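Commentary on secondary and tertiary structure
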Amino acid sequence: MPIMRGGLRVAAPCKINLHLGVFDRRSDGYHPIESIFQLLEFGDVLWIDSLKKSSGIELCVEGPVSLNSSVPPEQNIAYKAVRLFQSASGDDSGWYICLEKRVPLGAGLGGGSSDAAAVLLALNQLTGYPLSRQQLENLAAKLGSDVPFFIKCGITETTDYSAANASTVNTGTTNAGTAYAGTAYVTGRGEQIELIDVLAPWCVVLVNPALHSSTPEAFAMLDTFRQKSGAYPKPLIGRDRLVRMLETHPASWTFYNDFLEVFMEIGRPEMQQSYSAILRDLKALGADFVNLSGSGSTCYGVFSAVESAKTAYKTLLNRWPFVELTFPLARRGNAVVQ
Ligand code: C5P
């Protein structure tokens, strides 16, 4: 049972990239991508409540993953999301946010992006839906390239603990009979998102070697690698081919992540060693498909057999600092979005 507090409890699930193709840098500095994003059950949890007596923002961080204490709260993306929401909606309330941080940082799992999306969605609900879904997506894109995906997926489990009996509120329209699994075909710099209606009958073991991977540095490294090696980006695969592959058994997937090759060629030695060891471990323990998520540093294995995944999870817990067994997250209607 969660500790009872006021306000909303909001889940901020993480994602993996099943596929990630990166193309040449655009004039605005961003790289177009072609990716398959998959929402997972594992993630952070936020508690959001109004401050009755002040108009400030109070942010507290709890949970197993600690943030760098020298970084001021104003630089936390959840804090920035409050400010952005307020300037777009005209809201001038004070807000208390307690962030239970579980998703490792700089890990390619979109933890911070999902926190930001959860804040936008929750504040919109708590203030009576002043912004449309499209407006929220536009705000999300200002916070980061991965944030709109989490808005689009319409996260999440929202429970109003200020209401009598802690009832779950506003579960919205569930898509009865539709097997959404939080899967999306993502292009642009990450803001063009097409949800894919596909079954995902597998589970995931996430493994992070406790190495922070900076997204801008990873993209810069990819540019350097291509310049030096003369390698061209691979051609666009296209939505239909990627979706057809998703519908096959994970053992036959040929998805890739362009960052993995770059790290293996010119990445830090500890990254190269960790990634190759984790991917080898996952394969040896029965993963049907293995890859790196985002710009690192989390590697994952997709298992069609849950028993193998459990064994892999237990074995890898003894070898790596962060290991998690989780599942694709079904998109449950629009919990907090109109
Ligand atoms: O959008 P976000 O703030 O997450 O991006 C951080 C940095 O990563 C950008 O400033 C850019 O250097 C790089 N990036 C990129 N192409 C993308 C996404 C991010 O080059 N599609």
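The model shown is predicted, which means the values in this text are computed figures rather than measured ones.

**Considering the overall build of the protein chain**
Secondary structure summary: the protein chain contains 9 helices and 11 strands in total. Taken across its 338 residues, the protein chain has 53% of its residues classed as buried. A separation threshold of at least 6 residues defines the contact pool for the protein chain, and within that pool the share at least 24 residues apart is 76%. Just so you have it, the protein chain exposes about 14600 Å², and 51% of that area is on carbon and sulfur atoms.

**Side note on helix α6 (residues 239–246)**
Taken together, the buried positions of α6 are Leu242, Val243, Met245 and Leu246. Along the axis of α6, the buried residues cluster in a sector spanning 160 degrees; they form a single face. Of the exposed residues in α6, the ones pointing more than 90 degrees away from its buried face are Arg241 and Arg244. On its buried face, α6 is in contact with β1 (8–22), β2 (33–51), β6 (183–187) and β7 (192–196).

**Let's talk about the site of the ligand**
Taken together, Gly29, Tyr30, His31, Gly144, Ser145, Arg189, Thr215, Pro216 and Phe219 make up the full set of residues near the ligand. Note that an oxygen atom of the ligand is positioned 2.7 Å from one of the side-chain N or O atoms of histidine 31. One nitrogen or oxygen atom from the side chain of serine 145 is found 2.5 Å from an oxygen atom belonging to the ligand. When the ligand sits alone it has 450 Å² of accessible area, and the protein chains cover 73% of it. Taken together, the residues of the shell around the ligand break down into 3 nonpolar, 5 polar and 1 charged.

**Observations regarding the nonpolar core**
Generally speaking, soluble globular proteins have nonpolar side chains that are buried together. Within the largest apolar cluster, 70 residues are counted, with the highest numbers of intra-cluster contacts made by Ile48, Val119, Leu120, Phe259 and Leu282. With 8 residues, the top contributor of residues to this core is helix α2 (residues 111–126). For valine 119, the residues in contact, after removing those within four places along its chain, are Leu46, Ile48, Ala78, Ala81, Val82 and Ile97. By size, the runner-up hydrophobic cluster in this structure holds 28 residues, among which are Phe42, Val204, Leu242 and Met245.

**Re the environment of cysteine 14**
Tracing the backbone through its elements, the reader meets cysteine 14 in strand β1. Contact partners of cysteine 14, with chain neighbours within four places excluded, come to Gln38, Leu39, Leu40, Phe42, Gly43, Val103, Leu109, Phe150 and Leu206.

**Concerning the sheet that holds strand β9 (residues 289–292)**
Strand order across the open sheet formed by 4 strands is β9-β10-β8-β11, with antiparallel pairing between neighbours. The sheet terminates laterally at β9 and β11 (322–326), the two strands that pair on one side only. Averaged over all pairs of adjacent strands, the angle between strand axes in this sheet comes to 15 degrees, irrespective of strand direction. Inspection of the sheet shows β9 paired to strand β10 (residues 299–303) by 4 bridges, in the antiparallel sense. When the bridges of β10 are listed, asparagine 291 appears paired with tyrosine 300. Running over the sheet, helix α8 (residues 269–284) touches β8 (203–208), β9 and β10 and is turned about 10 degrees from β10.

**Some words on the confidence of the model for the protein chain**
Here the protein chain averages 89 in pLDDT, while 88% of its residues score no lower than 70. A low-confidence stretch, residues 156–179 (pLDDT under 50), is modelled with 57 contacts involving residues beyond four sequence positions or located in other chains. Residue range residues 333–338 is modelled with pLDDT below 50. Its contacts to residues more than four positions away, or to other chains, number 31 contacts.

**What to know about the pattern of salt bridges**
Using the criterion set out here, one finds 16 salt bridges in the structure. Where arginine 26 meets aspartate 28, a salt bridge forms, and the shortest distance between an N and an O atom there is 2.8 Å. When its relative accessible area of 29% is taken as the criterion, arginine 26 is described as partly exposed. As a salt-bridge pair, glutamate 137 and lysine 152 come within 3.6 Å of each other at their nearest N and O atoms. Of this pair, glutamate 137 sits in helix α3 (residues 133–143) while lysine 152 sits in helix α4 (residues 147–152); the two residues are 15 residues apart in sequence, bridging distant segments of the chain. Through salt bridges with shared partners, one network takes in Arg226, Lys234, Asp258 and Glu261.

**Thoughts on the packing of aromatic side chains**
Following the criterion strictly, the structure yields 11 aromatic pairs and no others. On the numbers, 5.1 Å between centres and 75 degrees between planes, the contact of phenylalanine 149 with phenylalanine 150 is edge-to-face. For phenylalanine 149, a relative accessible area of 0% corresponds to the buried category. Owing to a relative accessible area of 0%, phenylalanine 150 belongs among the buried residues under this scheme. Residues tryptophan 202 and tryptophan 253 carry aromatic rings whose centres are separated by 5.6 Å and whose planes lie at 85 degrees to one another, so their mutual orientation is edge-to-face. A residue pair is termed long-range when its members are at least 10 positions apart, and tryptophan 202 in the loop between β7 and β8 and tryptophan 253 in the loop between α6 and α7 (258–266) qualify at 51 residues. Given a relative accessible area of 6%, tryptophan 202 falls into the buried group. Linked through ring pairs, Trp202, Trp253, Phe255, Phe289 and Tyr300 together constitute an aromatic cluster. Over the ring of tyrosine 30 we find arginine 189; its NZ or CZ atom is 4.6 Å from the centre of that ring.

About the cut-offs
Residues numbered from 1 in each chain as written. Predicted model: local features only at pLDDT ≥ 70, side-chain atom pairs only at ≥ 80, totals over all residues. Heavy atoms only, no water. Helix = DSSP H or I, 4+ residues; strand = E, 2+ residues; numbered from the N terminus. Buried < 20%, exposed > 50% of the residue type's maximum accessible area, 1.4 Å probe, protein only. Contact = heavy atoms within 4.5 Å. Areas by Shrake-Rupley, 256 points an atom, 1.4 Å probe, with all protein chains shown as cover. Arc of directions from axis to C-beta. Near = heavy atom within 4 Å. Polar contact = N/O pair within 3.5 Å; in protein donor to acceptor, adjacent residues only side chain to side chain. Nonpolar A, V, L, I, M, F, W, Y, C, P; charged D, E, K, R; others polar. Core = buried A, V, L, I, M, F, W, Y, C linked by side-chain atoms within 4.5 Å. Pairing = 2+ DSSP bridges. Axes fitted to C-alpha atoms, helices over the stretch in contact; angles between N-to-C directions. pLDDT = per-residue confidence, 0-100. Salt bridge = Lys/Arg side-chain N within 4 Å of Asp/Glu carboxyl O. Phe/Tyr/Trp six-rings, centres within 6.5 Å; stacked < 30°, edge-to-face > 60°. Lys NZ or Arg CZ within 6 Å of the ring centre and 35° of its normal.

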